[in-house]
Amino acid sequence: MKKLLFSLLFAVCSLQAFAQQELIHPKEQRKQGLVSQPQPYVEVDGRQVAQASLPLIAAVHIDSAEVLKKEKAIERFGDKAKDGAVILHVKPTTELATLQDIYTQFRIPADQQNLKVIINNRLVKDTSLILANLEQIEKVEVVKQDIAAPVRWSLNDEEEFLHITSRPQPKQ
């Protein structure tokens, strides 16, 4: 009986150590075959936009859309469009806001304006590329990442993030 209990305890400890190793060394996970998604260049009314901020622009405000495949995208925008390009034009009455406008509208204190930004659970690497309809934003809140979530924004469990959540797009 003691051998069985000891074996079970050893197995649990081994599994826990393995799980922690996977969290500590995410580069090892990439080597094991996780495939990165293509990142097309996205432009809205002549301004480059972070792909993660697209849900912050309501579909009803889009006037036209153009998709360029690799060759034409590279010809027009250079290497930053090596995965293709999406060009959107919004209706003339649509007002688009920057991250600074979001801070103002949602009264984000100055000490929270230096936090990394998450939009719908996606980390935005370059916050200068955020563009949004203010009415498309459901809420803005400071959060810590869920340590049980499948995607980690940071290895620091105590780090705080500014999380912007979009309203659901109406079904058409």
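Please read these numbers as outputs of a predicted model, since none were measured by experiment. For every chain, the first residue of the written sequence is number 1, and numbering continues from 1 along that sequence. The predicted nature of this model means local features are confined to residues of pLDDT at least 70 and side-chain atom pairs, given and counted, to a pLDDT of 80 or more, with totals for whole chains, interfaces and linings taken over all residues. As a rule here, side-chain values come from all non-hydrogen atoms in the structure, and water together with hydrogens is ignored.

1. What about the overall build of the protein chain?
Along the backbone of the protein chain there are 4 helices and 8 strands. Put simply, DSSP marks the helices as runs of H or I at least four residues long and the strands as runs of E at least two long, and each gets a number from the N terminus on. Start at the N end of the protein chain and walk to the C end: the helices and strands fall as α-α-β-β-β-α-β-α-β-β-β-β. Residues are treated as being in contact if the distance between any of their heavy atoms lies within 4.5 Å. Within the protein chain, contacts between residues at least 6 apart in sequence are counted, and of these 67% link residues at least 24 apart. All accessible-area figures derive from a Shrake-Rupley calculation using a 1.4 Å probe, and residue coverage is judged against the displayed protein chains alone. Counting every atom, the protein chain has about 12,000 Å² of accessible surface; 55% of that belongs to carbon and sulfur.

2. Some points on the packing of aromatic side chains
Any Phe, Tyr or Trp ring, taking Trp's six-membered ring, that has another such ring centre within 6.5 Å forms a pair; planes under 30 degrees apart are called stacked, those over 60 apart edge-to-face, and the others tilted. For the structure on display, the rule yields 2 aromatic pairs. Here the aromatic rings of Trp 153 and Phe 161 are separated by 5.1 Å at their centres, their planes lie at 70°, and the arrangement is edge-to-face. Here Trp 153 matches Phe 161 in class, with each residue buried. Using a 1.4 Å probe on the protein chains alone, a residue whose accessible area is under 20% of its type maximum counts as buried, one over 50% counts as exposed, and one in between counts as partly exposed.

3. Comments concerning the confidence of the model for the protein chain
Low-pLDDT portions of the prediction should not be read for the details of their coordinates. Across the protein chain, the average pLDDT comes to 82, with 78% of residues at or above 70. Each residue carries a pLDDT score, the predictor's confidence in it, ranging from 0 to 100. Here helix H1 (residues 2-24) is the element of the protein chain with the lowest mean pLDDT, 40, and helix H4 (residues 99-105) is the one with the highest, 96. Within the model, pLDDT remains below 50 along residues 1-25, and this stretch shows 5 contacts once partners closer than five positions in the same chain are excluded. Taken as a whole, residues 27-33 scores under 50 in pLDDT and shows 3 contacts with residues more than four places along the chain or in a different chain.

4. Quick notes on the nonpolar core
In plain words, nonpolar cores are sets of buried Ala, Val, Leu, Ile, Met, Phe, Trp, Tyr and Cys residues tied together by side-chain atoms within 4.5 Å. Grouped together as the largest cluster of nonpolar side chains are 18 residues, with contacts concentrated most on Ile 102, Ile 130 and Ile 164. For this core, the secondary structure elements donating two or more residues are H4, strand E5 (116-119), strand E7 (137-144) and strand E8 (160-166). If one sorts the elements of this core by residue count, H4 sits on top with 3 residues.

5. Describing the sheet that holds strand E4 (residues 85-90)
Pairing between strands requires that DSSP locate at least two bridges from one strand to the other. Within the open sheet, the 4 strands sit side by side as E2-E1-E4-E3. Their pairing is mixed. Two strands lie at the open edges of the sheet, namely strand E2 (47-48) and strand E3 (62-68), each paired on one side alone. As paired strands, strand E1 (residues 41-44) and E4 are joined by 4 bridges and run parallel to one another. Pairing of Glu 43 across the sheet is with Ile 87, part of E4. Of the strands in this sheet, E1, E3 and E4 touch helix H3 (residues 70-77), which is tilted by about 105° from E3. To define axes, lines are fitted to C-alpha atoms, for helices over the stretch in contact only, and angles between the resulting N-to-C directions are given on a 0 to 180 degree scale.

6. Considerations on the environment of Asn 156
Mapping Asn 156 onto the fold places it in the loop between E7 and E8. Only 2.9 Å separates the side chain of Asn 156 from the backbone nitrogen of Glu 158, close enough to count as a polar contact. Whenever two N or O atoms come within 3.5 Å, that pair is a polar contact, provided that in protein one can donate a hydrogen and the other can accept it, and provided that, for residues adjacent in sequence, both atoms are side-chain atoms.

7. Observations concerning unusual backbone geometry
Despite not being glycine, Asn 120 shows a phi value in the positive range, around 50°. The backbone of Asn 121 sits at a positive phi, close to 70°, despite the residue not being glycine. Here Asn 121 shows up in the loop between E5 and strand E6 (122-124).

8. A word on the sheet that holds E5
Read from one edge of the open sheet, 4 strands run E6-E5-E8-E7, paired in mixed fashion. Edge positions in the sheet fall to E6 and E7, since each has one partner strand and no second. Averaged over all neighbouring strand pairs, the angle between strand axes comes to 30°, with direction disregarded. Taken together, the 7 bridges between E7 and E8 define a ladder with antiparallel strand orientation. When the bridges of E8 are listed, Val 142 appears paired with Leu 162.

9. A closer look at the pairing of E5
In the sheet, E5 pairs with E8 via 4 bridges, with the strands oriented parallel. Residue Val 117 lies in a different strand from E8, and its bridge partner there is Leu 162. In terms of strand pairing, E5 meets E6 through 3 bridges, oriented antiparallel. What sits directly across from Ile 118, in E6, is Leu 123. The loop that links E5 with its antiparallel partner E6 comprises 2 residues; one of these, Asn 120, has a positive phi angle of about 50°.

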